[in-house]
Amino acid sequence: NIVLVAGSGFGGVDDTLPYLTGDWSRRFDCAPMPFDGCLFGSRVMVAKEGAASDAVKEAIVAAPGVDDSEWEKTYSGPAGGIVTVLSELGEPIHKIATRGVMLWKELDDTVFSLPRDKRLPALLAKKDYIIKRLNDDFQKPWFGQKADGAPADLEDMTYAEVATRLLAVLYVTHQSRWIDVTMRNLVGDYLLRLEERFSTSEGPAMLQSFDQLNEPFAQVEAVLDAYPESRTQLLATEDVQFFINLCLRPGQKPVPFIPLMDKDFHIWFKKDSL
């Protein structure tokens, strides 16, 4: 009841077929040992049906790659357009050497390789630089942002700014869909918290079902208009923590943004980054 799959990192028929026929093991003077299948990542991403952006597809196609004997060079820097970075569990991942991946590599070398008690001071020492790189180059942006677009910390944002920022990073406008239904529910729970903070009368909440957020922009604006103080009141300390707890809830897709710079920054940065 075991299915054996090889990969990924394959480049074509010549390096794939020996694993399906089992001939790969002959170099070790062993009997043929066929695999049941091969795993393809980047090669499938460039397909017409793939959801990757055109820029990502072009970067993958443009990477020349290296011979099998040279792939370990990717640990020390880009080789053949590829660089090896570490997952949040410390596992090596081979990625196209884009600006975002180079930021990953830079943080691996300068921050994530430090003892845990020294990582946060190293991050905070270049906080502005890291936030700019996240917003410019990385697939997970810094969450904090004021209405005028300026970067901010959560505690410097109003309740309304958090709501509108959530829509910006969790809702795919041109496809009229949420990144994931759990992200819709996260926004719903945040709006319920907002109503609890500003409502001055008894009665049902405006948001009676998360299905109301299937078309979210009008619904969010209606809630903010009903509680105008939400546009000027900064998040209370306990609601900053409430928001972080929403982002960390088990059973939901990891949030595609970085909400704060703390001792777990490496997890925020790397979790579900693929």
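Residues numbered from 1 in each chain as written. Predicted model: local features only at pLDDT ≥ 70, side-chain atom pairs only at ≥ 80, totals over all residues. Heavy atoms only, no water.

Visitor: Looking at this structure, I do not really get empty space enclosed by the protein. What am I missing?
Guide: Under the counting rule described, the total for this entry stands at 1 cavity of 30 Å³ or more. Approximately 30 Å³ is the volume attributed to the largest cavity. Together, F112, R119, L123, D262, K263, F265 and H266 line the largest cavity. Counting residues per element, the ones that place at least two in the lining of the largest cavity are α5 (116-125) and α11 (265-270). Residue composition of the lining of the largest cavity, grouped by class: 3 nonpolar, 1 polar and 3 charged. (1 Å grid on protein atoms, 1.4 Å probe; cavity = no way out; pocket = protein on both sides within 12 Å on 5 of 7 lines; lining within 4 Å. Points joined across faces, edges and corners; volume = space filled by probe spheres on them. Helix = DSSP H or I, 4+ residues; strand = E, 2+ residues; numbered from the N terminus. Nonpolar A, V, L, I, M, F, W, Y, C, P; charged D, E, K, R; others polar.)

Visitor: Would you take a moment to explain the packing of aromatic side chains for this structure?
Guide: Each aromatic ring pair is described using two quantities: the centre-to-centre distance and the angle formed by the ring planes. One pass over the full model with this rule turns up 18 aromatic pairs. Between W104 and F138 the ring centres are 6.4 Å apart and the planes differ by 70°, which places this aromatic pair in the edge-to-face class. Of this pair, W104 sits in helix α4 (residues 99-112) while F138 is found in the loop between α6 (127-137) and α7 (159-170), placing the two residues 34 residues apart along the sequence. Since its relative accessible area comes to 0%, W104 is described here as buried. (Phe/Tyr/Trp six-rings, centres within 6.5 Å; stacked < 30°, edge-to-face > 60°. Buried < 20%, exposed > 50% of the residue type's maximum accessible area, 1.4 Å probe, protein only.)

Visitor: What is the right way to look at the pairing of strand β4 (residues 92-96) in this model?
Guide: Walk down a regular strand and you will see the side chains alternate between the two sheet faces. Sheet topology note: the strand β3 (residues 82-86)/β4 ladder contains 5 bridges and is antiparallel. Bridge pairing in β4 links V85 to I93. The antiparallel hairpin formed by β3 and β4 contains 5 residues in its connecting segment, where G90 sits at a positive phi of about 85°. (Pairing = 2+ DSSP bridges.)

Visitor: Please explain unusual backbone geometry as it appears in this structure.
Guide: Trans peptide bonds make up most of the peptide bonds, and negative phi angles are found at most residues other than glycine. Phi at D29 is positive, roughly 60°, even though this residue is not glycine. The topology assignment puts D29 in the loop between α1 (13-21) and β2 (37-39). Although it is not a glycine, S176 adopts a positive phi angle of roughly 50°. Looking at the secondary structure, you find S176 in the loop between β5 (171-172) and β6 (177-178). For S176, a relative accessible area of 54% corresponds to the exposed category.

Visitor: How should the nonpolar core be read in this particular structure?
Guide: Buried together is how nonpolar side chains tend to be arranged in soluble globular proteins. With 55 residues, the main nonpolar core has L166, Y190, F243, F265 and F269 as its most contacted residues. Secondary-structure elements contributing two or more residues to this core are β3, α4, α6, α7, α8 (181-198), α9 (216-226), α10 (237-247) and α11. Considering every element that reaches this core, the biggest residue donor is α7, with 8 residues. Leaving out residues up to four positions away in the same chain, F265 has contacts with L107, F112, L123, I130, L134, I258 and L260. (Core = buried A, V, L, I, M, F, W, Y, C linked by side-chain atoms within 4.5 Å. Contact = heavy atoms within 4.5 Å.)

Visitor: Where do I start with the pattern of salt bridges in this structure?
Guide: Between side chains of opposite charge, a pair can form when the charged atoms approach closely. Across all of its chains, the model carries 21 salt bridges by this definition. Here R197 and D239 are joined by a salt bridge, their closest N and O atoms 2.5 Å apart. Residue R197 is located in helix α8, and its partner D239 is located in helix α10; the two are separated by 42 residues in the primary sequence. In this structure R197 comes out as partly exposed when scored by relative accessible area, which is 38%. In this structure, the salt-bridge partner of R231 is D225, at a minimum N-O distance of 2.8 Å. Each of R99, E106, R133 and D137 takes part in a single network of salt bridges with overlapping partners. (Salt bridge = Lys/Arg side-chain N within 4 Å of Asp/Glu carboxyl O.)

Visitor: I tried to follow the layout of surface pockets on my own but got confused; where do I start?
Guide: Rolled over the atoms, a probe with the dimensions of a water molecule shows which regions are left empty. Estimated volume of the second largest pocket: approximately 240 Å³. Along its surface, the second largest pocket is lined by 15 residues, and C247, L248, I267, W268 and K271 are the ones closest to its centre. Of all the secondary structure elements, the ones that give two or more residues to the lining of the second largest pocket are α10 and α11. Each residue belonging to the lining of the second largest pocket can be placed in one class, and the counts come to 8 nonpolar, 1 polar and 6 charged.

Visitor: Explain a nonpolar patch on the surface to me, please; I cannot follow it from the model alone.
Guide: On the surface, M45, V46, V56 and V61 cluster together into a nonpolar patch covering about 300 Å² of accessible area. By the element assignment, V46 lies in the loop between α2 (42-45) and α3 (54-62). V46 gets classed as partly exposed once you look at its relative accessible area, which sits at 31%. (Patch = residues over 30% accessible without salt bridge, like charges linked within 9 Å, V, L, I, M, F, W, Y side chains within 5 Å. Areas by Shrake-Rupley, 256 points an atom, 1.4 Å probe, with all protein chains shown as cover.)

Visitor: What am I meant to see in the side chain of S230 here?
Guide: By the secondary structure assignment, S230 is in the loop between α9 and α10. When its relative accessible area of 0% is taken as the criterion, S230 is described as buried.

Visitor: Would you mind showing me how to read α4 here?
Guide: Every α-helix winds through 3.6 residues per turn, so residues three or four apart in the chain are directed the same way. By the burial criterion, the buried members of α4 are G100, V101, L103, W104, K105, L107, D108, V111 and F112. Where α4 is buried, its residues contact β3, β4, α5, α6 and α11.

Read these as geometric descriptors, not functional statements.
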